[in-house]
Amino acid sequence: MVTYVGSRVLQAIWVLWAAFTVSFVVLYLLPADAVSMAADGAGPGTPVDKAAIAELQARYGLDKPLWQQYLDALGNAVTGDLGHSLTTGDPVTADLAKALPATLGLAGLALLFAALGGTALAFAATYTRRPWLRNTLLALPPLGVAVPTFWTGLILLQLFSFRLHLFPAFGGTGLRGTLLPALTLALPIGAVIAQVLAAGLESTWRQPFAEVALAKGASRWWVQRRHIARLAAVPTFTIAGVLVGTMLAGSVVVESVFARAGVGRLTQTAVLNQDIPVVQGIVLLTALIFVTVNLAVDLLYPLLDPRITGRAGGGRVAEPEPEETGEVIVHG
């Protein structure tokens, strides 16, 4: 287990370093440096003081060789210093700290809705024995994935804000102001959860041990809850990283549609203002969240299937439990 955890932690550190390096190369090997790009974006006819630009380049260390800029930036990032915004002059970490709580609240509520809705839909679709109902329920997740996020947000705004006046339209705070954005963000994520989990449940139901359990008198619901769900949950946990990426990308659209402050709005503003230090800070923050979620998922794998630890560590494979081998213990 120690070897398994150690390998996953080292892998997470490598991913963070790779994300920082790639973002640095992409952003700082552009035709001009960040200060010059910000000055060029001031608009035609705007006077630009070359001495002031040179002074800013020296202040931000942009007059140094690229390799030295990289080492300085990497060393500062390790200590938590992501530089200063070219637009506001504030530390990037301070801007992220202001924007992150709103986005985390939105993402947390959206993930709760997506997990509950997607799991309930997948369980209902695979539990029922009526083909027409199963096919109808299984047709809903592809529809949820295909519908654009901004369209869902506009429809919810039109119905619940402008017509029924139940929720604030723009800039809402608290639980009441977060419900509509969370539902908008949860729809595509819940649809993916339902698709993957339903496929895993259907595949596991076709295993011989499920038929043996039913033949021994166990109820269909008990078999699905006790044996089927545990094995079918592994592929769903596997896509957690993809879901986090989808959620962070969707937050940009959702926070723009509902005029909410957060990391999404900060990203939009930083890109429009060509504020490269803030953009790189957001990239590193996204990578950190992605790595943290995937590391947590990797550490949960052994709880679902103890054999994963043995395969990862190269040691002896743990003995599978009865439901993994087809031996089903029926209680009562």
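Computed from a prediction, not measured in an experiment: that's the story for all the values here. (Residues numbered from 1 in each chain as written. Predicted model: local features only at pLDDT ≥ 70, side-chain atom pairs only at ≥ 80, totals over all residues. Heavy atoms only, no water.)

As for the environment of Ala122
Operational definition: Elements are defined by DSSP. Helices are runs of H or I of four residues or more, strands are runs of E of two residues or more, and each kind is numbered from the N terminus. Exposure classes here rest on a 1.4 Å probe applied to the protein chains alone. A residue is buried below 20% of its type maximum, exposed above 50%, and partly exposed in between. It only takes one pair of heavy atoms within 4.5 Å for two residues to be counted as in contact.
Mapped onto the elements of the fold, Ala122 is located in helix H5 (residues 92–127). Ala122 gets classed as buried once you look at its relative accessible area, which sits at 1%. Ala122 sits 75 residues away from Leu197 along the chain, and the two C-alpha atoms are 6.1 Å apart. Discounting chain neighbours no more than four positions away, the residues touching Ala122 are Ala194, Leu197, Ala198 and Leu201.

Observations regarding helix H4 (residues 66–78)
What counts, and what does not: Any helix carries an expected span of 1.5 Å times its number of residues minus one.
Its 13 residues give H4 an end-to-end C-alpha distance of 18 Å, which sits within 8% of 18 Å, the value for a rise of 1.5 Å per residue. Just beyond H4, the residue with positive phi is Gly80, at close to 95 degrees.

Remarks on a nonpolar patch on the surface
The line we're drawing: Patches here: salt-bridge-free residues with over 30% relative accessible area, like charges joined within 9 Å, nonpolar side chains (Val, Leu, Ile, Met, Phe, Trp, Tyr) joined within 5 Å. For accessible areas, the Shrake-Rupley method is used with a probe of radius 1.4 Å. Any residue's cover is judged against the shown protein chains and nothing else. Salt bridges are defined by distance alone: a side-chain nitrogen of Lys or Arg within 4 Å of a carboxyl oxygen of Asp or Glu.
Together, Phe150, Trp151, Leu154, Ile155 and Val253 line one region of the surface with nonpolar side chains, adding up to about 470 Å² of accessible area. Of the residues forming the nonpolar patch, the biggest block, four residues, is contributed by helix H7 (residues 149–163). Within the secondary structure, Phe150 is located in helix H7. By relative accessible area, Phe150 is classed as partly exposed at 45%.

Description of the confidence of the model for the protein
Here is the rule we go by: Confidence scores here are pLDDT values: one per residue, from the predictor, ranging 0 to 100.
Put simply, the protein has an average pLDDT of 76, and 79% of its residues get 70 or more. Low pLDDT, under 50, characterises residues 311–332; the predicted model gives this stretch 38 contacts beyond four residues in sequence or across chains.

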